[in-house]
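Listed here are the chains, written in short residue letters.
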Amino acid sequence: GKWFKAEIDKGTLRELSKRSDLPGWRHLIIFVLSLTLLALLCTYFWGSWWFVPVYLAYCTLWGGADAIWHECGHRTAFKSRKLNDFFYYVASFMNNFEPVRWRCSHALHHNYTASVDPHDFEVEGSIFWAPKSLINFLIIFIPGISLLFLHKSLYKEIVQHALGVETRVMRECIPENKRWNCIWSSRAFVILWILIILGSIYVQSFLPICLFLIPKCFATLNIVWGLTQHMGLQEDVKDHRLSTRSVRLNPVTSFIYWSMEYHIEHHMFPSVPSYNLPKLHNVIKDQLPKRQTLFEAYKEILPAVIKKAKDPNYYIPVKLPAQQSV
């Protein structure tokens, strides 16, 4: 069956899908300058208790590389393909997303959102994650907790690919003619990791590792809004309104997330740049479920985690506009 698409004038959609370099540069310049300022503050406060809150703020902003990776991966951040691809690779490293693997798996995620066959490789440990208990769910929000699970992390997958190990995602998702690209970019990542560690040893400080190697492990605040994308919703359904959630964020978190809180709109029309998603929402909002606050979203998600632990087939029912219900 075909995916449900909201009704929208073709001319309006064409206008909203236009790309420009200006919004991309504006976002990247603010992001880089803010991250640099926080890095300098981290350096200044290194060794004092003030380092802790400043570093968590730094890591939270660093986690915004996820949104940059995502938008540049769709090649909608800039009009220029070269700019999109350049910043895609930079953000991929910051996000521990090997660029070849994740371009392939993210395309699969959009074509088969939450499907079992073909397998949606972005389901595991994230968007449709089904933890065994509420405690298993809540523990992921502890800053740095992922360092205890490096053996299950993307660090491990990248090392495996760097060594030429054919993982399941490589076998089922990456075309054969792209696998060597995946292996060599994974090796580049590992080399950069080693250089960061050697630099840290050279200056006899753990600070370079904190600033450039493990900040994603402490970007746990980003998980709060990131998990709302699909958590607890219905799988294997051809209507993004039932499997995807749009939420309302404040201007700061919306900037870090680069407007991906309009997630139903993004999945329904992935060619629309993130900076035009608010406009798209205003055009089609009468055909979508009402956007939720984070509080409203987690008011659904937390009970769903408990229920799904007992009944794997449980999902949160979504109230659709009457005229558009399926």
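The structure we're discussing is the one just above.
In this report, the structure presented in the accompanying data block is examined. All values reported here derive from a predicted model rather than from experimental measurement.

1. Observations concerning the overall build of the protein
Phase 1: Check the secondary structure of the protein and you find 18 helices and 0 strands.
Phase 2: In terms of C-alpha radius of gyration, the protein reaches 20 Å, essentially the compact-globule figure of 20 Å for 326 residues.
Phase 3: For the protein, the C-alpha atoms occupy an extent of roughly 65 × 50 × 45 Å along the three principal directions.
Phase 4: Counting across all 326 residues of the protein, residues that qualify as buried make up 52%.
Phase 5: Pairs at least 24 apart in sequence give 69% of the contacts found in the protein among residues at least 6 apart.

2. A look at the nonpolar core
Phase 1: Ranked by internal contacts, the top residues of the largest apolar core, which has 71 residues, are Y55 and Y58.
Phase 2: If you tally residues by element for this core, the top one is helix α3 (residues 51–62), at 7 residues.

3. As for unusual backbone geometry
Phase 1: Phi at R75 takes a positive value of approximately 60°, unusual for a residue other than glycine.
Phase 2: Structurally, R75 can be placed in the loop between α4 (65–73) and α5 (81–95).
Phase 3: For N96, which is not glycine, the phi torsion reads 60° and is therefore positive.
Phase 4: When you line up the elements, N96 lands in the loop between α5 and α6 (99–111).
Phase 5: On the basis of relative accessibility, which here comes to 7%, the residue N96 falls in the buried class.

4. Considering the pattern of salt bridges
Phase 1: Counted under the stated rule, the structure contains 10 salt bridges.
Phase 2: Salt-bridge contacts for D85 lead to R81; the nearest nitrogen and oxygen are separated by 3.9 Å. With a gap of 4 residues between them, D85 and R81 both fall in helix α5, about one helical turn apart.
Phase 3: Classification of D85 as buried rests on a relative accessible area of 18%.
Phase 4: With a relative accessible area of 54%, R81 lands in the exposed category.
Phase 5: Between R241 and D239 there is a salt bridge, with its nearest N and O atoms 2.8 Å apart.

Criteria and thresholds
Residues numbered from 1 in each chain as written. Predicted model: local features only at pLDDT ≥ 70, side-chain atom pairs only at ≥ 80, totals over all residues. Heavy atoms only, no water. Helix = DSSP H or I, 4+ residues; strand = E, 2+ residues; numbered from the N terminus. Rg over C-alpha atoms; globule rule 2.2 N^0.38 Å. Buried < 20%, exposed > 50% of the residue type's maximum accessible area, 1.4 Å probe, protein only. Contact = heavy atoms within 4.5 Å. Core = buried A, V, L, I, M, F, W, Y, C linked by side-chain atoms within 4.5 Å. Salt bridge = Lys/Arg side-chain N within 4 Å of Asp/Glu carboxyl O.

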